[in-house]
Amino acid sequence: PGSELGALLFKAAQVQVVAGKRKRPALLTCYELLALTGLLFNAPEQDLLEFLYAVFDFDMDDRLSEDDLTIAIYAFLQLRDAAESLAEEDREDYAKLDERGRRAEARQMAKDAIRRYGSTE
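Quick caveat: nothing in here was measured; it's all calculated off a predicted structure.

1. Quick look at the overall build of the protein
In step 1: A tally of helices and strands in the protein yields six helices and zero strands.
In step 2: Secondary structure elements of the protein, listed N to C terminal, follow the sequence α-α-α-α-α-α.
In step 3: Over its C-alpha atoms, taken along the principal directions, the protein stretches across nearly 50 × 30 × 30 Å.
In step 4: Looking at the protein residue by residue over its 121 residues, the buried ones come to 24%.
In step 5: When the accessible surface of the protein is split by element, carbon and sulfur atoms take 55% of a total near 9,000 Å².

As structure tokens, then:
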């Protein structure tokens, strides 16, 4: 809750039309919550990858660019426990960074990922 990643998942999950409402309240229906939970924990790998691709294609150009990956990596690193998955030395260095430095680190991670795995551009 309160994370950038949580907001992205919430926005992606809130797809059901609620009758009689012009603007949706900031809530998920039980069906949306069940669908999101089912997708994240039980979907075939291909469905999960397709969903995550759609969530992280921020500019909606049907390609994952360096900018898209930077935003996604930064959102993950903002989660309370995500930085714990970094190697100890990297975790200590990351903790010392200010906001600008953390965004720069996310961009470098995105560049490294593109260099290693390629881009969809």
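Having seen the model, we can carry on.
2. Some words on unusual backbone geometry
In step 1: Positive phi is not limited to glycine here, since methionine 60 has a value of about 55°.
In step 2: Note that methionine 60 resides in the loop between α3 (45-56) and α4 (66-77).
In step 3: The phi torsion at aspartate 62 lies on the positive side, around 60°, for a residue other than glycine.
In step 4: If you trace the backbone, aspartate 62 turns up in the loop between α3 and α4.

Calculation notes
- Residues numbered from 1 in each chain as written.
- Predicted model: local features only at pLDDT ≥ 70, side-chain atom pairs only at ≥ 80, totals over all residues.
- Heavy atoms only, no water.
- Helix = DSSP H or I, 4+ residues; strand = E, 2+ residues; numbered from the N terminus.
- Buried < 20%, exposed > 50% of the residue type's maximum accessible area, 1.4 Å probe, protein only.
- Areas by Shrake-Rupley, 256 points an atom, 1.4 Å probe, with all protein chains shown as cover.

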